[in-house]
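Close look at the chain arrangement
Letter by letter, the chains look like this.
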Amino acid sequence: SDTFRLRCEGWSDADGGGLSYQFGFYATESDLSNATETVWYDLQAAPFIDLEFPTGRLVVLARVYDRYMAVTATLQDTLTVGAPAPAGGRRLLQSASAQFAKARSKMTEHLKSFRASRVNKFAGGMALEGRKKLTPQEAAELRVSLMSNLAEGSGKAVATGGFACEAYGSAALVAGSAQEATPSGVVSSGGLFRRLSRQGAGAQCVGSALSVLGAAMLAQSTGAVVLSAAQSVDFMQGTQLGVAGVMRGALLGAVAGEQPVTAQSEGSAIDARRMLMASLLGSTLPIAMPG
């Protein structure tokens, strides 16, 4: 797919400090149950970001932070991405499978060069487009490969909460619903949770992380996906570690009067009240697993 550059220019800080930018997007028109999950990418100093989008109608998002982490209202615009127009009046004959083979090659290059954030930015849109352009079997194989890529890339990344958020957001688009789950994809999602467990993700990650976990858990509980005993143990250990990391970030850093953090997916729900840092002094922070 083509690369799009989103820009957020013209901002300055009256106090003279540096600014940080955060970009994201969600799809508005799709038959996918999780296509409207918002993917937020990590904070960055550059006022632009390069992304590969799926075809369809999208909402692109941006936020600007100052050095004290005060943030603007979310800026948004709509973008419609269409299929390539035939060049010179002739239809492009290259098959969808050949196009995705090139995309997979690009993903491999990102992994080899330790560009884990590029893997995150590439995977979500690629999975959504695969559902539209490939056969069901090809699309399922692509999602398994992408979830494995996300897990591998996360193991090579610098441990930050922002990176964890973008990885969980992309994984939610890759995972899809419980009906789309496969044994290999579920095992890879457990590996992703394990690798991200050291990264304290924030409240905005709860929905995406829960979407991945809920689909995997529901697929197993309904018998759609059957794991071996060893795979089940590895999956549960990985997800327990990962969800604990997500909840640590979700529970900390509240402001006075803030409402509870709530999120729900196909197979799980979380309702947690974030805590002021002052209230944690001398106390123990419990981490509850979703039920």
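Above this note sits the structure.
Each chain carries its own residue numbering, running from 1 in the direction its sequence is written. Only residues with pLDDT of at least 70 are given local features in this predicted model, and only at 80 or more are side-chain atom pairs given and counted; all residues enter the totals for whole chains, interfaces and linings. Remark: hydrogens and water are excluded; side-chain values derive from all non-hydrogen atoms of the structure.

Here we look at the overall build of the chain
In plain terms, the rule: The helix and strand labels rest on DSSP assignments: H or I over at least four residues marks a helix, E over at least two residues marks a strand, and numbering proceeds from the N terminus. The rule is simple: take the accessible area with a 1.4 Å probe, protein chains only, and divide by the maximum for that residue type; under 20% is buried, over 50% is exposed, in between is partly exposed. The contact definition used throughout considers only heavy atoms, calling two residues in contact when any of these lie within 4.5 Å. Surface accessibility follows the Shrake-Rupley procedure with a 1.4 Å probe radius. Residue values consider only the protein chains on display as shielding.
Broken down by element type, the chain carries 8 helices and 8 strands. Within the span of the chain, comprising 291 residues, buried residues form 46% of the whole. Looking at the chain alone, contacts between residues at least 24 apart form 70% of all its contacts between residues at least 6 apart. If you sum the accessible surface of the chain, you get close to 14,100 Å²; carbon and sulfur atoms cover 54% of it.

Some thoughts on the packing of helix 2 (residues 116-133) against helix 4 (residues 161-175)
What counts, and what does not: To get an axis, a line is fitted to the C-alpha atoms, and for a helix only the part in contact is used. The angle between two axes follows their N-to-C directions and goes from 0 to 180 degrees. Here is the rule for angles: anything less than 35 degrees is roughly parallel, anything more than 145 is roughly antiparallel, 65 through 115 is roughly perpendicular, and the remaining ranges are oblique. Note on convention: the crossing is left-handed when the near helix lies turned anticlockwise from the far helix by less than a right angle, right-handed when the turn is clockwise.
For the pair helix 2 and helix 4, interaxial distance at closest approach is 8 Å and the crossing angle is 15°. Our classification of the angle between helix 2 and helix 4 gives roughly parallel. Considering only the axes of helix 2 and helix 4, their crossing is left-handed. Residues A116, S117, N120, K121, A123, G124, A127, L128 and R131 of helix 2 touch helix 4, and the partners they reach there are F163, E166, A167, S170, L173, V174 and A175.

Some thoughts on the sheet that holds strand 6 (residues 75-81)
Threshold: By definition, two strands form a pair when at least two bridges between them are found by DSSP.
Strand order in the open sheet made by the 4 strands is 3-2-5-6, with antiparallel pairing throughout. Each edge of the open sheet is held by one strand with a lone partner, namely strand 3 (39-40) and strand 6. The pairing of strand 2 (residues 20-27) with strand 5 (residues 56-65) spans 8 bridges and is classified as antiparallel. When the bridges of strand 5 are listed, Y21 appears paired with V64.

A look at the pattern of salt bridges
Test applied: Think of a salt bridge as a Lys or Arg side-chain nitrogen and an Asp or Glu carboxyl oxygen that are within 4 Å of each other.
Taken as a whole and judged by the stated rule, the model has 7 salt bridges. Here E9 ties to R7 by a salt bridge, and the two come within 3.0 Å at their closest N and O atoms.

Some remarks on helix 6 (residues 206-221)
Selection criterion: Expected span, for any helix, means 1.5 Å times one less than how many residues it has.
In a regular helix each residue adds 1.5 Å, so 16 residues correspond to 22 Å; helix 6 covers 22 Å between its end C-alpha atoms and thus fits that length. Every buried residue of helix 6 is accounted for by V206, S208, A209, L210, S211, V212, L213, G214, A215, A216 and A219. Phi turns positive one or two residues past the end of helix 6, at G223, with a value near 85°.

Brief notes about the nonpolar core
What counts is decided by this rule: The term nonpolar core refers to a set of buried residues drawn from Ala, Val, Leu, Ile, Met, Phe, Trp, Tyr and Cys, joined through side-chain atoms within 4.5 Å.
One finds L150 and Y168 to be the most contacted residues of the largest nonpolar core, which totals 42 residues. Of all the elements in the fold, those that place two or more residues in this core are helix 2, helix 3 (136-155), helix 4, helix 5 (183-196), helix 6 and helix 7 (229-251). Residue contributions to this core peak at 9 residues, all from helix 4. Non-local contacts of Y168, meaning those with residues more than four positions away in its chain, are made with F193, L196, C205, S208, A209, V212, G242 and V246. With 19 residues, the next largest nonpolar core counts C8, F53, V64 and L128 among its residues.

On their own, these measurements won't tell you what the molecule is for.
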